[in-house]
Every structure is written in C-alpha cells, then in structure tokens.
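Listed here are the chains, written in short residue letters.
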Amino acid sequence: MSTNTPTSQQEAFASLSPAVMRASTVVFDNFEDFVQRKQRQPDGFSYGVTGTPTARLLEQKVAQLENGRHCVIAPSGAAALMTTVMGFVRGGDHLLVSAACYGALKSFAEKWLARMGVEVELYRPDMGADIEALIKDNTRMICMEAPGTVTMEMQDIPAITAVARQRGVLTMLDNTWASPLGFAGLDHGVDFSIQAATKFLGGHSDVLMGCISMNDHAHYDILRETQSILGQQVSPEDCFLVLRGLETLKLRVAAQGSATLQVARHLAQHPMVERMMYPPLESDPGHALWKRDYRTHGCLFSMILKPGPEQAFNSFFDSLQHFVIGASWGGVHSLAAYYPAALQANRAFPATDQPVVRLSIGLEDSTLLIADLDRALAAYAQAQTPG
Ligand SMILES: *Cc1c(COP(=O)(O)O)cnc(C)c1O
C-alpha cells in the first residue's frame with residue numbers, strides 16, 4: 001500500500017517531543033472500515049477535520065488540566081466560544097450573555113443569532129443567583145466570563161451554575177483570565193469551560209487557538225460534530241506550539257501572577273491612577289469572590305487614569321519603552337492596550353464611561369516595568385496642561 005505509515009524502525013523511535021501528524025486524508029484498511037468510518041467519532045480519526053493524534057493529545061492534556069473528561073479544540077478562542085453556542089442554541093431559544101463577555105461573542109449573539117430567531121439578553125455581570133429572575137422556559141444557555149473582558153467584573157459562578165442546573169439551563173464560562181490553574185470551572189458546576197489558548201496556554205504570542213472542556217459525553221459528541229460541520233480544524237503545528245506552552249504553564253502563571261500583583265499594587269497608589277480593575281486587589285468590588293474561588297493572580301488588569309485629554313493618552317502610550325502596544329495578552333512580553341471611553345459607555349450595564357488602559361504583564365524584570373509605567377504616567381501628567 002502506498003501510504004506513509006511508519007516503518008518498524010520509525011515505530012521504535014521514541015521522543016519526549018510529541019509528533020506533529022498532518023492529515024486531510026485518513027486511509028482505511030478495507031472497505032468495511034471506510035463505510036463505517038463515522039462510527040469512529042467522537043474520539044477516532046476518519047478525516048483531517050475531526051482531528052489528528054497531535055490534536056487528540058492536546059485535547060487530553062487540556063481536559064486533564066480543566067479536571068474534565070473531554071475537550072474539543074478550535075482554531076481560536078473566538079471560534080471556541082461560537083462553536084459552543086452553535087452546538088446547542090437554536091432559533092426560538094433564549095440566550096443569556098454577560099454584558100462583560102468577550103466582544104465578538106456579544107456581536108455574534110446580537111448580530112447573527114438574534115436575526116436567526118434566538119432571543120438574546122445581556123445580563124449584569126455581577127447579578128449572581130439573582131439571574132434566576134431572568135430564566136425563562138426557553139432559556140437554553142448562560143454565557144459567563146470572569147473576570148469580564150476589559151472591565152474585570154467578577155461573577156458568582158457557583159451561584160449561577162446552581163440556579164442553572166436546577167432550571168435545566170446549560171452554562172459556559174470563558175475561563176481564559178484564570179487559566180485552568182486558577183479556576184476549576186467544571187468543579188464549580190459549569191458545563192463548558194472555555195480557554196482562549198492564544199493567551200496563557202500558548203503563552204508566546206505566536207499562535208491562535210481555543211479549547212472547550214466538559215464532562216458530559218453527550219455534550220462532547222455534539223461539540224465534536226459541530227466543530228467538524230463548521231470546519232473548525234486546528235493545524236497540528238499549532239497544536240505542537242500549545243503542547244510546548246503547556247510544559248511551562250505553571251511556572252509562567254506563577255511568575256507572571258506575582259509580577260502582576262506587584263505592578264498593580266504600585267499603580268493602585270499612584271496619584272494619576274483613579275481606579276484599578278483587578279480582583280486580586282483588596283479594593284476591587286470582586287475581591288471577595290476572587291479570594292473565595294480563584295487560586296492565581298492572572299497577568300492582566302485594567303485601570304482608569306485621572307481624566308485627561310486624548311493627547312495625554314498619546315503621551316502615555318508613546319512613552320512606554322518596555323511595554324509593547326498591542327492587543328491580546330498572556331504571553332511572555334508585556335503589552336499595553338487602550339479602550340476608548342465611548343466603547344465602554346455604550347455597553348449594556350457599563351462599568352465606566354472613561355477610557356480604559358489594559359496591561360498584560362510578561363516575564364520581564366518587574367522593576368523595569370514599574371519604572372516604565374512611572375515614566376509614562378509622568379508624561380501623562382505633563383500632557384494634562386498642554387502648552
Ligand atoms: C483573547 C480572548 C478571546 C478570543 O481569543 P482569540 O484566540 O484571540 O480568538 C476570548 N476570550 C477572552 C477572555 C480573551 O481574552
């Protein structure tokens with residue numbers, strides 16, 4: 001047979017490094033195997049779109065980290081969120097989405113799902129068990145994210161999942177900020193724990209990926225089918241990068257977390273900083289929930305500066321020497337991003353009407369990062385009174 005299966009010599013080769021196995025076509029020993037190939041799902045291999053051994057290895061490792069039985073990977077964090085919703089939500093269903101959820105998920109719900117007959121409702125991220133009042137007979141799923149994107153609102157996840165289970169409503173949690181090491185979503189009753197592996201899991205700002213972890217086998221079956229029907233295949237090279245990232249995840253989360261706490265504490269007492277948005281700080285409204293449920297400090301926080309003209313923000317960002325200006329987060333290089341006031345003010349249940357500065361802390365020397373921010377804040381202060 002003219003296939004590229006390993007020779008016995010290759011089979012005897014054992015490497016510590018996972019093999020990168022590529023496939024569109026998977027070949028079959030005989031006619032019967034080919035005819036029955038769909039029965040190999042959700043775990044087996046029948047065509048490249050449902051995954052390769054490299055993808056399965058990564059799925060197993062992520063499921064283990066999330067303390068779950070199953071995982072389905074997707075080509076980005078955004079794809080993981082949309083695939084989860086698409087797997088279970090249909091026209092006529094009611095969908096509850098936290099107002100602090102990732103922007104693309106809210107846009108997908110409001111611009112696509114709502115036009116396909118789904119009743120979409122955004123809820124206050126801090127409502128906890130009170131969410132019961134919003135649950136209807138046709139409520140299918142609650143989409144949570146904690147802390148919320150950009151504005152960092154905490155949610156009482158165990159309280160929400162308890163209500164949801166009682167009422168037969170599915171729950172999904174975007175657990176990217178905490179990583180699986182920081183919060184055990186599935187142990188707290190969440191049906192689907194989502195990671196943008198682009199962030200902490202990959203860890204080096206060079207790959208996009210998403211992961212959906214769960215315990216229920218029937219859910220896994222549905223999501224494998226959804227992933228494959230939507231054509232959400234993940235390259236084995238990208239799987240390799242995330243597998244490699246996982247090797248240092250614990251060290252990076254610990255080192256970046258303690259540096260982040262140090263930088264945040266410094267900024268919290270800086271005269272040009274009006275408000276910190278970072279649950280590990282005692283002053284944060286979500287601190288008690290963070291302390292009760294979370295085990296790590298994350299590497300991402302937001303802050304609101306003393307009000308100033310746009311020109312002052314220009315000075316702040318252009319003074320940075322160690323922070324790089326850019327979107328995304330969770331890699332080993334520190335990043336700074338800016339979210340204009342209008343974006344926040346126009347949100348449902350806005351957390352602020354001021355511009356937000358968001359910082360991701362990497363593995364650089366934290367004293368250099370603090371000096372960099374002090375310099376940028378001095379430039380910001382100076383630009384308050386132009387001329
Ligand atoms: C970045 C991010 C996403 C999207 O991940 P991509 O891989 O960039 O699509 C989703 N949720 C959160 C909380 C994120 O930070």
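Residues numbered from 1 in each chain as written. Predicted model: local features only at pLDDT ≥ 70, side-chain atom pairs only at ≥ 80, totals over all residues. Heavy atoms only, no water.

- The protein chain is annotated in an unreviewed UniProt entry as Cystathionine beta-lyase of Herbaspirillum frisingense.
- Recorded under Pathway (unreviewed entry), the UniProt text for the protein chain is reproduced unchanged: "Amino-acid biosynthesis; L-methionine biosynthesis via de novo pathway; L-homocysteine from L-cystathionine: step 1/1." (UniProt positions renumbered as here; feature names shortened; annotations may be inferred.)

Brief notes about the overall build of the protein chain
- If you tally the helices and strands in the protein chain, you get 14 helices and 12 strands.
- A globule of 387 residues ought to have a C-alpha radius of gyration of about 21 Å, and the protein chain, at 22 Å, matches this closely.
- The principal-axis extent of the C-alpha atoms belonging to the protein chain is close to 80 × 55 × 35 Å.
- A total of 387 residues make up the protein chain; the buried ones form 53% of that total. (Helix = DSSP H or I, 4+ residues; strand = E, 2+ residues; numbered from the N terminus. Rg over C-alpha atoms; globule rule 2.2 N^0.38 Å. Buried < 20%, exposed > 50% of the residue type's maximum accessible area, 1.4 Å probe, protein only.)

A look at the site of the ligand
- Near the ligand there are 15 residues, and of these Gly-77, Asp-174, Thr-198, Lys-199 and Trp-329 occur at the shortest range.
- Lys-199 places a polar side-chain atom, nitrogen or oxygen, 2.6 Å from an oxygen atom of the ligand.
- Starting from 380 Å² of accessible surface for the ligand in isolation, the protein chains cover 89%.
- The cavity that encloses the ligand is the second largest pocket.
- Counting residues per element, the shell around the ligand draws most heavily on helix H4 (residues 77-88), which supplies 3 residues. (Near = heavy atom within 4 Å. Polar contact = N/O pair within 3.5 Å; in protein donor to acceptor, adjacent residues only side chain to side chain. Areas by Shrake-Rupley, 256 points an atom, 1.4 Å probe, with all protein chains shown as cover. 1 Å grid on protein atoms, 1.4 Å probe; cavity = no way out; pocket = protein on both sides within 12 Å on 5 of 7 lines; lining within 4 Å. Sits in = over half its atoms within 2 Å of the grid points.)

Observations concerning the domain arrangement of the protein chain
- On domain assignment, one finds that the protein chain holds domain 1 (23-247) and domain 2 (249-382).
- Distance from the C-alpha centre of domain 1 to the C-alpha centre of domain 2: 27 Å.
- Carbon and sulfur atoms make up 65% of the area that domain 1 and domain 2 hide from each other, which totals about 3100 Å².
- Interface area lost by domain 1 to domain 2 is led by Val-150, Trp-177 and Phe-200, which between them contribute 25%.
- For the pair domain 1 and domain 2, the interface holds 2 salt bridges.
- Asp-156 serves as the salt-bridge partner of Arg-292, at 2.7 Å between the closest nitrogen and oxygen.
- The interface formed by domain 1 and domain 2 holds 17 residue pairs in polar contact (both at pLDDT 80 or more) in total. (Domains from an automatic or database assignment. Buried area = accessible area lost by both parts, 1.4 Å probe. Salt bridge = Lys/Arg side-chain N within 4 Å of Asp/Glu carboxyl O.)

Examining the sheet that holds strand S4 (residues 139-145)
- Spatial strand order, S1-S7-S6-S5-S4-S2-S3: 7 strands in an open sheet with mixed pairing. Only two strands of the sheet have a single neighbouring strand rather than two, namely strand S1 (70-74) and strand S3 (119-123). Pairwise comparison of adjacent strand axes, ignoring direction, gives a mean angle of 20° for this sheet.
- The pairing of strand S2 (residues 94-98) with S4 spans 4 bridges and is classified as parallel. Counted as the bridge partner of His-94 is Thr-139 from S4.
- Running over the sheet, helix H6 (residues 157-167) touches S3, S4 and strand S5 (170-174) and is turned about 175° from S4. (Pairing = 2+ DSSP bridges. Axes fitted to C-alpha atoms, helices over the stretch in contact; angles between N-to-C directions. Contact = heavy atoms within 4.5 Å.)

Describing the sheet that holds strand S8 (residues 273-277)
- With mixed pairing, the 5 strands of this open sheet are ordered in space as S8-S9-S12-S11-S10. In the strand order of this sheet, the two ends are held by S8 and strand S10 (324-325), each with one partner.
- The pairing of strand S9 (residues 300-305) with strand S12 (residues 356-360) spans 4 bridges and is classified as antiparallel. Bridge pairing in S12 places Ser-302 opposite Arg-358.
- Contacts from helix H10 (residues 249-268) reach S8, S9 and S12, with the element oriented near 10° to S9.
- Across the sheet, helix H12 (residues 310-319) touches S9, S10, strand S11 (335-339) and S12, and the angle it forms with S11 is around 170°.

Some thoughts on the environment of Asp-156
- Looking at the element boundaries, Asp-156 is found in the loop between S4 and H6.
- Distance in space between the C-alpha atoms of Asp-156 and Ala-184 is 13 Å, their sequence separation being 28 residues.
- The contact partners of Asp-156, leaving out residues within four places of it in the chain, are Gly-128, Leu-289 and Arg-292.
- Here the side chain of Asp-156 touches Arg-292 through a polar contact of 2.7 Å, side chain to side chain.

Observations regarding the state of the cysteines
- Applying the stated rule across the entire model yields 0 disulfides.
- Residue Cys-239 stays outside any disulfide, its sulfur separated by 9.0 Å from that of Cys-211, the closest cysteine.
- Summary of cysteine pairing: Cys-299 is not part of a disulfide, and the nearest cysteine sulfur, belonging to Cys-211, is at 16 Å. (Disulfide = S-S within 2.5 Å.)

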